[in-house]
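Observations on the model geometry
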Amino acid sequence: MRRKIGIFQTEQQVVNCVQLLQTNGFVPGEMHIVAKDDEHSRRIEHESGLHADELQELAETRYESKDITDSYALAAFMPMPGGAGTWNGVPAVYGSYGIWNKQDHDGFTAALESLGLSDDEAEQCINEIRAGKTIVYVESDESPTLFDHDGGPDLSRLGIAEGIFRQAGASRVI
C-alpha cells in the first residue's frame, strides 16, 4: 500500500482538503485524518463528516493494553547511568527512571505505526503532530504509472492527492 501524507497547520485547511479530495473522487476509506487530541479533531470531524484518529487517545489505549514486559526485556540489556541490579535474576543496569522503554516516551510513534504508517513516515510526522498540526493521508494500492518511472508528471491517484494537499495549503507533503 502506498500513501501520500499532507501536514496541515489549521483545521480549516484540513476541512478544505477533505472537501477537495471528495470532489475529486476520493472516498472515506482512502482518506485518513490524524490529529493530536480531541481538541484538534472535533471541528474537523463535524465539518468534514470523517472520523479523525486522535493520537493521544490511540497512544493511551495502546499503552493500557500493551504487555509491559517488552519494555523490561530491553531494560535488562541496555546500560544506563544510575546503578546496577537484577531483573528476574538477570544482571541489569538501569537509570533513575527504572527502565528504558524502546518506544517513544508518549507512545505517539508506535500509535502512528499501528495506523499503518512506516517507521520513516511516523518519524517525519511525529513532531508536527506534537506541535498541534494535523495530518491527512491517502492510501492507494494503485501501481506507479509509466510516467512515474520516466520523470513525467505523476498521474496516479496519489499524484492527484499531492496536488490537492498543496492546493489546500499543506505545509509539507511526504
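A brief structural summary. Small disclaimer: the values here were computed from a predicted structure and weren't measured.

Here is what the cut-offs are and how they apply
- Residues numbered from 1 in each chain as written.
- Predicted model: local features only at pLDDT ≥ 70, side-chain atom pairs only at ≥ 80, totals over all residues.
- Heavy atoms only, no water.
- Buried < 20%, exposed > 50% of the residue type's maximum accessible area, 1.4 Å probe, protein only.
- Helix = DSSP H or I, 4+ residues; strand = E, 2+ residues; numbered from the N terminus.
- Contact = heavy atoms within 4.5 Å.
- Pairing = 2+ DSSP bridges.
- Axes fitted to C-alpha atoms, helices over the stretch in contact; angles between N-to-C directions.
- Phe/Tyr/Trp six-rings, centres within 6.5 Å; stacked < 30°, edge-to-face > 60°.
- Lys NZ or Arg CZ within 6 Å of the ring centre and 35° of its normal.
- Core = buried A, V, L, I, M, F, W, Y, C linked by side-chain atoms within 4.5 Å.
- Right-handed = clockwise from strand over helix to strand, strands pointing away.

Another aspect to go through is helix 8 (residues 157-167). Within helix 8, burial applies to Leu158, Gly159, Ala161, Ile164 and Phe165. Its buried side turned inward, helix 8 meets strand 1 (2-8), helix 1 (11-23), strand 6 (134-140) and strand 7 (172-173). With its phi angle positive at about 100 degrees, Gly169 sits one or two positions after the end of helix 8.

Another point: the sheet that holds strand 7. Sheets are built from strands that pair by backbone hydrogen bonding, the pairs being arranged parallel or antiparallel. Taken together, the five strands give an open sheet; going across it, the order is 3-2-6-1-7, and neighbouring strands pair in mixed fashion. Whereas interior strands pair on both sides, the edge strands pair on one side only; in this sheet they are strand 3 (52-54) and strand 7. Sheet topology places strand 1 next to strand 7; two bridges connect them, and they run antiparallel. Across the sheet, Gly6 pairs through a bridge with Val173, a residue of strand 7. Packing of helix 8 onto the sheet brings it into contact with strand 1, strand 6 and strand 7, and relative to strand 1 it is tilted by some 0 degrees.

Think of a pair of aromatic rings as described by two things: how far the centres are apart, and how the planes are tilted against each other in angle. A complete count under the given rule lists one aromatic pair for this structure. An angle of 80 degrees between the planes, with centres 6.0 Å apart, marks the rings of Phe8 and Phe165 as edge-to-face. One end of the pair, Phe8, is in strand 1; the other, Phe165, is in helix 8, and 157 residues separate them in sequence. Relative accessible area serves as the criterion here: at 0%, Phe165 is assigned to the buried category. A cation over an aromatic ring shows up here: Arg157 above the ring of Phe26, its NZ or CZ 4.1 Å from the ring centre.

Moving on, we get to the environment of Val34. Residue placement: Val34 occurs in strand 2 (residues 31-35). Looking at Val34, the relative accessible area reads 0%, which means it is buried.

Turning to the nonpolar core, a few remarks are in order. Across soluble globular proteins, you tend to see nonpolar side chains buried next to one another. In this structure, Phe8, Cys17, Leu21, Ile33, Val136, Val138 and Phe165 are the most contacted members of the largest nonpolar core, which totals 20 residues. Counting residues per element, the ones that place at least two in this core are helix 1, strand 2, strand 6 and helix 8. Setting aside chain neighbours within four positions, we find Val138 in contact with Arg2, Arg3, Lys4, Leu21, Phe26, Glu30, Met31, Leu158, Ala161 and Phe165. Membership of the second largest hydrophobic core comes to 15 residues, among which are Ile5, Ala59, Phe108 and Ile126.

The element strand 2 is largely enclosed, with a buried count of five among its five residues. Residues of strand 2 alternate between two faces, with Met31, Ile33 and Ala35 on one and His32 and Val34 on the opposite face, all of them buried. Bridge analysis of strand 2 against strand 6 gives four bridges, and the strand direction is antiparallel. Residue Met31 lies in a different strand from strand 6, and its bridge partner there is Val138. Judged from the three bridges that link them, strand 2 and strand 3 form a sheet pairing that is parallel. Looking at the pairing, Ile33 lines up with Ala52 of strand 3. The β-α-β motif built from strand 2, the intervening helix 2 (residues 38-48) and the parallel element strand 3 has right-handed crossover chirality.

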